[in-house]
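A structural walkthrough
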Amino acid sequence: MAKENNFKVEFKFQHHLRSFHRHEAAESPRSCSLDMMLRRLRAIEAKQDDKFATIMDAVGEFGTFQRRLVALTFIPNILSAFFLFADIFVFTPQKPYCNTSWILAVGPNLSESERLNLTLPRAPNGSFLTCLMYLPVDWDLDSIINFGLNRTDSCQDGWIYPEVKKRSLINEFDLVCGKEPNLEIVRNMYLAGLLTGSFLFGFITDKLGRHPSILLSLLGLIIFGFGTAFVNSFHQYLFFRFGVSQAAVGYAISSASLITEWLVGMHRAHAIILGHCFFAMGVIFLTGLAYSLPHWRLLFLVGGAPVFPLISYIWILPESPRWLMMKGKLKEAKQVLCYAAGVNKKTIPLSLLDKLQLPGKKVTTASILDFYSNRHLRKVTLVLCSMWFAIGCNYYMLSLRMKELGVNTHFAQVIPGMMEVPARLCCIFLLEQLKRKRSLILTFLQGALTCFLSLLLPAELKSPLVLIIVLGEFSLAATVTVFCIYTSELLPTVLRATGLGLLTLVWAAGGISSLIVVNQNIAILPIFLCCISAFVALFFCFKLPETQDQPIPDSLEHLPPERRTMSEDMSSEDMLCDDVTEEVARNTIFNAMMTNMDQDSLCNLSLQLETRK
């Protein structure tokens, strides 16, 4: 009986709620505000229905366990940046000369300058030719000095680098005189590793779990990152670069998923921001080591040594309880949550743990095809893809523009790296004041405008151009950080890593597109690509829902149902003042319904009187 009475009350409530919605179109400002109140109430109820958020309150939103988890991401982020950008410093330009040590057999006391003067031909400007030498002869030293040598040939015994103080890949493997490394191939191997790694690790992270995926990516950093110091050929180096870029992007995807699912609210945003700051510090760390160490192998040995303590992550890194629940591993999820509560010196009530149930009768399953078959997810993914493509285009365009200006390599890495740290820290203020969507629009708009200016101004204005490019990289660094947080919160737990992997593919596609366009040597094409991609991305970005202070979805069933337009799917907190409380919202809606009920009753009474007359 109680259930029936509750059902009747609920039915009457729904009936009057629908009646209220029919009349609210005729009401003007008052009806609009009541609709806002209703949306606010729905948002509050959605938070109350998020059982995991309730349990996290009992565990401790940001206790010792969560702080330790965030700290564990710092070293891998530094090492990922170190290994990803090491190419910049191991291909430094070298000036080779043919090895003509044969003349030392007849003149062992010759200085290096005398030896080069006797055995190398000169160019018309008086400098030594780098790829030609005089052929050896069976003369004594006096004859060679008096008559000179005439017959030239290509270098036969390798090369020497008398003007070089540091050992790089160029003089290690003699990549000179027709054997110069094609830097396009090096860059393509890096991008190919990003593409394959984002797809593979996105799939692995959602299928096997966040913990195994992180361990696999760290193993890749050890083998292909630290192991680069022991390669014996240029082709081996390319293969190891391919592997390390896969491992780095795999760690980025799996760690972002783990942090998103363990932390709540602004703590989640702060953790991702700090991780990106340490990534920028990794670039600074790389630049400092590359400047001070004399050998490229030492660079990988010293810089990659901190990767070995990461083996301890096998025992200290936790699995995501949200992922465990979605996979039907309820017992393991409860154990992980209880362990986290124990570290935080708190206790989860048994009644609260008992409320933690499986997402349905069956284990939640999802596949990459759901990005197409689910209508809401498809729309959100298309918007995210357009945005990531535009960010990739503009970011790579600024980097290529900096290289065209011939800026010193160390300067081009240190200054942007130092600027990226405050840029990402500024995101904390932006997110607190403007929330996710508005922060994203503001930072990307500024980055796109600076990219447009850098392409429009002539190369003769070098100093203003460098300043504009640095400001552009500052803005786009903040954009990437905000959008990583935003994207992680928009995607459901069952497809979060797969979605991040697909979006990384799109970001890399944007970078590849900018490389192709710049190589065409048509000035208008880069401007056209950046402007069109930025305009399309900003247009669709307005249609994304706000996610700040909202529970993140775990399964496809938790995604919002299809609405009239995606713009109506924004958070109610975006449209209401923060001082609107749950009690005020409930009372306002209840009073409106009661007023509406009285109006209906009066209307029915008047109709009855007219009928009697």
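Residues numbered from 1 in each chain as written. Predicted model: local features only at pLDDT ≥ 70, side-chain atom pairs only at ≥ 80, totals over all residues. Heavy atoms only, no water.

A tally of regular secondary structure across the protein gives 25 helices and 4 strands. For the protein, with 613 residues in total, the buried portion stands at 51%. Expressed as a percentage of contacts within the protein between residues at least 6 apart in sequence, the contacts between residues at least 24 apart total 80%. When the accessible area of the protein is evaluated, it comes to approximately 29600 Å², of which 63% is carbon and sulfur surface. (Helix = DSSP H or I, 4+ residues; strand = E, 2+ residues; numbered from the N terminus. Buried < 20%, exposed > 50% of the residue type's maximum accessible area, 1.4 Å probe, protein only. Contact = heavy atoms within 4.5 Å. Areas by Shrake-Rupley, 256 points an atom, 1.4 Å probe, with all protein chains shown as cover.)

With that settled, consider the packing of helix α11 (residues 210-225) against helix α12 (residues 234-262). Two elements in contact, α11 and α12, have axes separated by 8 Å at closest approach and are oriented at 150°. Taken as axis vectors, α11 and α12 run roughly antiparallel relative to one another. As α11 packs across α12, the resulting crossing turns out to be left-handed. Its residues assigned to classes, the contact of α11 with α12 comprises 12 nonpolar, 9 polar and 2 charged. (Axes fitted to C-alpha atoms, helices over the stretch in contact; angles between N-to-C directions. Parallel < 35°, antiparallel > 145°, perpendicular 65-115°, else oblique. Left-handed = near helix turned anticlockwise from the far one by under 90°. Nonpolar A, V, L, I, M, F, W, Y, C, P; charged D, E, K, R; others polar.)

Further remarks concern the packing of aromatic side chains. Under the definition given, this model contains 21 aromatic pairs. Ring geometry for phenylalanine 239 versus phenylalanine 240: centroids 6.1 Å apart, planes at 80°, classification edge-to-face. For phenylalanine 239, a relative accessible area of 48% puts it in the partly exposed group. With centroids separated by 6.2 Å and ring planes inclined at 85°, the aromatic side chains of tryptophan 296 and phenylalanine 300 adopt a geometry described as edge-to-face. Pair noted here: tryptophan 296 and phenylalanine 300 are both in helix α14 (residues 296-304), with a separation of 4 residues, about one helical turn. Summarising the burial analysis for this pair, tryptophan 296 and phenylalanine 300 share the class buried. (Phe/Tyr/Trp six-rings, centres within 6.5 Å; stacked < 30°, edge-to-face > 60°.)

Once that is clear, we can look at the state of the cysteines. Tallied over the entire structure, the rule returns 2 disulfides. There is a disulfide in this structure between cysteine 98 and cysteine 155, and the S-S distance comes to 1.6 Å. Judged by the sign of its S-S torsion, about -65°, the cystine formed by cysteine 98 and cysteine 155 is left-handed. Here the residue cysteine 98 occupies a position in strand β1 (residues 97-98), and cysteine 155 occupies one in the loop between β3 (152-154) and β4 (159-160), the gap between them amounting to 57 residues. One exposure class covers both cysteine 98 and cysteine 155, and it is buried. Across a sulfur-sulfur distance of 2.0 Å, cysteine 131 and cysteine 177 are joined as a disulfide pair. Disulfide cysteine 131-cysteine 177: torsion about the S-S bond near -90°, hence left-handed. With cysteine 131 in the loop between α7 (112-119) and β2 (132-134) and cysteine 177 in the loop between α9 (169-172) and α10 (183-208), this residue pair connects regions lying 46 residues apart in the sequence. (Disulfide = S-S within 2.5 Å.)

Per the stated rule, a full pass over the model turns up 10 salt bridges. The residue arginine 496 makes a salt bridge to glutamate 261 at a minimum N-O spacing of 2.8 Å. Within this pair, whereas arginine 496 is found in helix α23 (residues 496-519), its partner glutamate 261 is found in helix α12, the two being separated by 235 residues in sequence. Take arginine 496 and glutamate 261: they sit in the same class, and that class is buried. One salt bridge connects glutamate 489 with arginine 436, and the closest N-O pair in it is separated by 2.7 Å. Of this pair, glutamate 489 sits in helix α22 (residues 462-490) while arginine 436 sits in helix α21 (residues 409-456); the two residues are 53 residues apart in sequence, bridging distant segments of the chain. Of the two residues, glutamate 489 and arginine 436, both sit in the buried class. Through salt bridges that share partners, Asp206, Arg210, Glu261 and Arg496 make up one connected network. (Salt bridge = Lys/Arg side-chain N within 4 Å of Asp/Glu carboxyl O.)

Next up on the list: the environment of leucine 324. The residue leucine 324 is located in helix α16 (residues 321-326) in this model. For leucine 324, a relative accessible area of 5% corresponds to the buried category. Sequence separation between leucine 324 and lysine 334 is 10 residues, and the spatial gap between their C-alpha atoms is 9.2 Å. Residue contacts for leucine 324: discarding those within four places in its chain leaves Glu319, Lys329, Leu330, Glu332, Ala333 and Val336.

What follows is about the packing of α10 against α11. Remark: α10 packs on α11, axes separated minimally by 6 Å, with the N-to-C direction vectors making an angle of 140°. Classified by the angle between their axes, α10 and α11 sit oblique to one another. Within the contact between the two elements, α10 uses Phe201, Ile204, Thr205, Asp206 and Leu208 and α11 uses Arg210, Pro212, Ser213, Leu216 and Ser217. Taken together, the residues of the contact of α10 with α11 sort by class into 5 nonpolar, 3 polar and 2 charged.

Moving on, we get to the environment of valine 494. By the secondary structure assignment, valine 494 is in the loop between α22 and α23. Linking valine 494 and serine 367, residues 127 residues apart in sequence, is a C-alpha distance of 8.5 Å.

With that settled, consider the nonpolar core. In this structure, Trp262, Leu337, Ile348, Trp388 and Phe444 are the most contacted members of the largest nonpolar core, which totals 167 residues. Considering every element that reaches this core, the biggest residue donor is helix α20 (residues 375-404), with 16 residues. Among all residues touching phenylalanine 444, those that are not within four sequence positions of it are Met387, Ala390, Ile391, Asn394, Leu476, Thr479, Ala534, Ala537 and Leu538. (Core = buried A, V, L, I, M, F, W, Y, C linked by side-chain atoms within 4.5 Å.)

Trp296, Arg297, Leu299, Phe300, Gly303 and Gly304 are the residues of α14 that are buried. Axial view of α14: buried residues confined to an arc of 160°, hence all on one face. Check the buried side of α14 and you find it contacts α5 (74-84), α6 (87-90), α9, α11, α12 and α13 (265-292). (Arc of directions from axis to C-beta.)

So, about unusual backbone geometry. Of note in the backbone geometry, lysine 345 takes a positive phi value of approximately 60° without being a glycine. Residue position: lysine 345 is located in the loop between α17 (330-343) and α18 (350-354). We classify lysine 345 as exposed; its relative accessible area is 78%. The phi dihedral of lysine 435 is positive, around 70°, even though this residue is not glycine.

Inspection of the secondary structure assignment puts arginine 241 in helix α12. By relative accessible area, arginine 241 is classed as buried at 2%.

The grouping of Phe528, Ile532, Phe535, Val536, Phe539 and Phe540 at the surface amounts to a nonpolar patch, some 580 Å² of accessible area in total. For phenylalanine 540, the location among the structural elements is in helix α24 (residues 524-541). (Patch = residues over 30% accessible without salt bridge, like charges linked within 9 Å, V, L, I, M, F, W, Y side chains within 5 Å.)

Our focus in this paragraph is the side chain of glutamate 261. Using a relative accessible area of 0% as the deciding quantity, one classes glutamate 261 as buried. Within the structure, the side chain of glutamate 261 is placed 2.5 Å from the side chain of arginine 210, a separation counted as a polar contact. In terms of polar contacts, glutamate 261 uses its side chain to reach the side chain of serine 320, at 2.5 Å. For glutamate 261, the residues in contact, after removing those within four places along its chain, are Phe52, Arg210, Ser320, Arg322, Trp323, Thr493 and Arg496. (Polar contact = N/O pair within 3.5 Å; in protein donor to acceptor, adjacent residues only side chain to side chain.)

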